[in-house]
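# Analysis of the macromolecular model
Here is what each chain is made of, one letter per residue.
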Amino acid sequence: LAAGEVVVRDALPPGASKTARGGTALAMVRASPEQVWRVLVDYPGHARYYPRVTAAEVVESTERQVVVRYEVGIGPVSFNFHMNKYPDPRRRRIEWHLAEGRANGLFRENSGYWQVEAADRASLVTYAIAVRTLVPAFLTLGAERDSLTETITGMRKLAEEGEGTARPR
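Residues numbered from 1 in each chain as written. Predicted model: local features only at pLDDT ≥ 70, side-chain atom pairs only at ≥ 80, totals over all residues. Heavy atoms only, no water.

Assigned secondary structure in the protein chain consists of 3 helices and 8 strands. Taken from N to C terminus, the helices and strands of the protein chain fall in the order β-β-α-β-β-β-β-β-β-α-α. The 169 residues of the protein chain split such that 45% are buried. The long-range share in the protein chain, meaning contacts at least 24 apart out of those at least 6 apart in sequence, stands at 53%. Within the structure as shown, the protein chain displays about 8,700 Å² of accessible surface, and the carbon and sulfur contribution to it stands at 51%. (Helix = DSSP H or I, 4+ residues; strand = E, 2+ residues; numbered from the N terminus. Buried < 20%, exposed > 50% of the residue type's maximum accessible area, 1.4 Å probe, protein only. Contact = heavy atoms within 4.5 Å. Areas by Shrake-Rupley, 256 points an atom, 1.4 Å probe, with all protein chains shown as cover.)

This is the structure in structure tokens:
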């Protein structure tokens with residue numbers, strides 16, 4: 001971690017089904033926890049670092065929950081899905097899962113969390129996901145693990161460049 005590597009483990013987030021794919025990524029980010037948090041809660045800005053996300057829109061927001069509609073493009077195909085996000089600014093943790101009763105495209109399961117912890121003049125960031133789709137596993141093999149590294153690397157770049165624009169929640 002100290003050398004700037006993204007460490008990926010097989011551990012799925014709590015509550016993940018036995019058939020979910022994904023894991024947990026950890027990385028050091030040379031930015032304050034507050035700056036990392038601003039990037040994470042800039043929900044419309046998620047398309048800047050989540051692979052294949054082409055748009056993100058907040059459709060509902062309260063102090064404890066945010067519903068975000070994502071648009072994803074995979075080759076010539078695109079679809080939407082909705083996530084319930086639960087930001088906890090005191091703990092610097094955001095947990096999420098698919099929003100029940102809303103269109104969720106190819107996803108049958110999508111849950112996880114971001115965790116930001118203060119480190120020596122930096123932040124230790126943990127990103128965990130669990131995913132199940134309608135697409136057969138052999139067609140997406142490895143895509144979830146690759147997205148862990150791509151996502152945390154993209155978020156790190158924005159946080160280190162000071163590009164978080166949302167107000168802290």
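Let us keep going from here.
With that settled, consider the nonpolar core. Core analysis: the biggest nonpolar cluster contains 37 residues, and Val36, Trp114, Ile152 and Met155 have the highest contact counts within it. Here this core gets 5 residues from one element, more than from any other, and that element is helix H3 (residues 143-160). Those residues in contact with valine 36 that sit more than four places away from it in its chain are Val29, Ala31, Val116, Ser123, Val125, Met155 and Ala159. (Core = buried A, V, L, I, M, F, W, Y, C linked by side-chain atoms within 4.5 Å.)

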